[in-house]
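# Architecture at a glance
Letter by letter, the chains look like this.
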Amino acid sequence: MAPADKTGLLETVAAAPELRTPDRTEAFLDSLPVSELASMWCALQRVSRRDQAGSIWAIKLYFDHLPHRLPQAALDLVLEVLKTEADKPTVMQLNDKFLLALLCAHGPDVIARIEREAAHNDRLRWLLGGVHGDPDDPLMPRIARIADSEAWQADHLAQRTPREPLDCASMSVTELAHAWVEQYSKSERDQDDNLFTIMDFERDLREDDPDGMIDLILEILNIESNPVLLALLAAGPLEDVISSGTIDRIEHEARINQRFRDLLGGVWYYRASDELKTRLDALVGESRW
């Protein structure tokens, strides 16, 4: 199935009324053939983070929970994706979240089947090359014996290396804001080390130049209105930069900028000092998300 066809399938399923509650979502998707589930999972890897809301989010949670609920069905899906999906960056997403979750939750129940399948499945051996865990875990030596770690590491390095590495220190606030939106909008499939460059720069700003961090937050607000990204902005950079040293600036910006004041509604500050809580409560009021 071509990528466009898979995306269409995902959109069709996401619009189904059966996805209105988690229980109905599970019952509906559990009934689908593994081939359709594999196509949906692959399509989901191409959905940008900004579009992961509503029923798309419900489908994402379904797949996140599948390795914990139905280990054999989850392994069926892994094998189906390996068999049918040609796009390597998409297939690589099986490793970090899906296969690792399956092994952590139900490793003893699935390892024998994985070993049997790996005996004649080069792609499975390649995928297992990215599995890392506690060296004292008795499963790790068994996985190491069948995993093609060298091939996986080469592909992982290629996937993580950006074509144009960011140089945040040389960028203007406007350029940084656009870069932040671009990096955080990407699906996990399309993320590379530029995201970690942005995250490291955020940390440096927060520690060394908190006013600069607030300047960046305000600039992002000027160019972005997507609720998913704004939730990330509130729960990440804004929440992290609020302190006794920045609260005066926070109050000033909230008084003159309603969108900034609204963004404070997505910040959780229950660990803050009593004085800071009181001042933030006065700003947020009834606007908590």
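Residues numbered from 1 in each chain as written. Predicted model: local features only at pLDDT ≥ 70, side-chain atom pairs only at ≥ 80, totals over all residues. Heavy atoms only, no water.

Time to look at the nonpolar core. Of all hydrophobic cores here, the largest spans 45 residues; its most connected members are F63, L77, L94 and L128. Elements supplying a minimum of two residues to this core: α3 (34–44), α4 (54–69), α5 (71–84), α6 (88–118), α7 (122–128) and α8 (139–146). The element contributing the most residues to this core is α6, with 11 residues. One finds L176, A177, Y184 and I198 within the second-largest nonpolar core, a separate group that totals 39 residues. (Core = buried A, V, L, I, M, F, W, Y, C linked by side-chain atoms within 4.5 Å. Buried < 20%, exposed > 50% of the residue type's maximum accessible area, 1.4 Å probe, protein only. Helix = DSSP H or I, 4+ residues; strand = E, 2+ residues; numbered from the N terminus.)

With that out of the way, let us pick up helix α12 (residues 210–223). The terminal C-alpha atoms of α12, which comprises 14 residues, lie 20 Å apart, in line with the 20 Å expected from a rise of 1.5 Å per residue. Among all positions of α12, only G212, M213, I214, L216, I217, L218, E219, I220 and L221 are buried. Next to the buried residues of α12 lie α10 (173–185), α11 (193–208), α13 (227–241), α14 (247–256) and α15 (258–263). (Expected span 1.5 Å × (residues − 1). Contact = heavy atoms within 4.5 Å.)

Let us look at the packing of α6 against α8. Running from N to C, α6 and α8 point in directions that differ by 30°, and their axes come no closer than 11 Å. As far as their axial angle goes, α8 and α6 are roughly parallel. Crossing hand, α6 versus α8: left-handed. Contacts from L103, G107, P108, I111, A112, I114, E115 and A118 in α6 reach L139, R142, I143 and I146 in α8. Within the contact of α6 with α8, the residues separate by chemical class into 9 nonpolar, 1 polar and 2 charged. (Axes fitted to C-alpha atoms, helices over the stretch in contact; angles between N-to-C directions. Parallel < 35°, antiparallel > 145°, perpendicular 65-115°, else oblique. Left-handed = near helix turned anticlockwise from the far one by under 90°. Nonpolar A, V, L, I, M, F, W, Y, C, P; charged D, E, K, R; others polar.)

Scope: geometric values only; no functional claims are made or implied.
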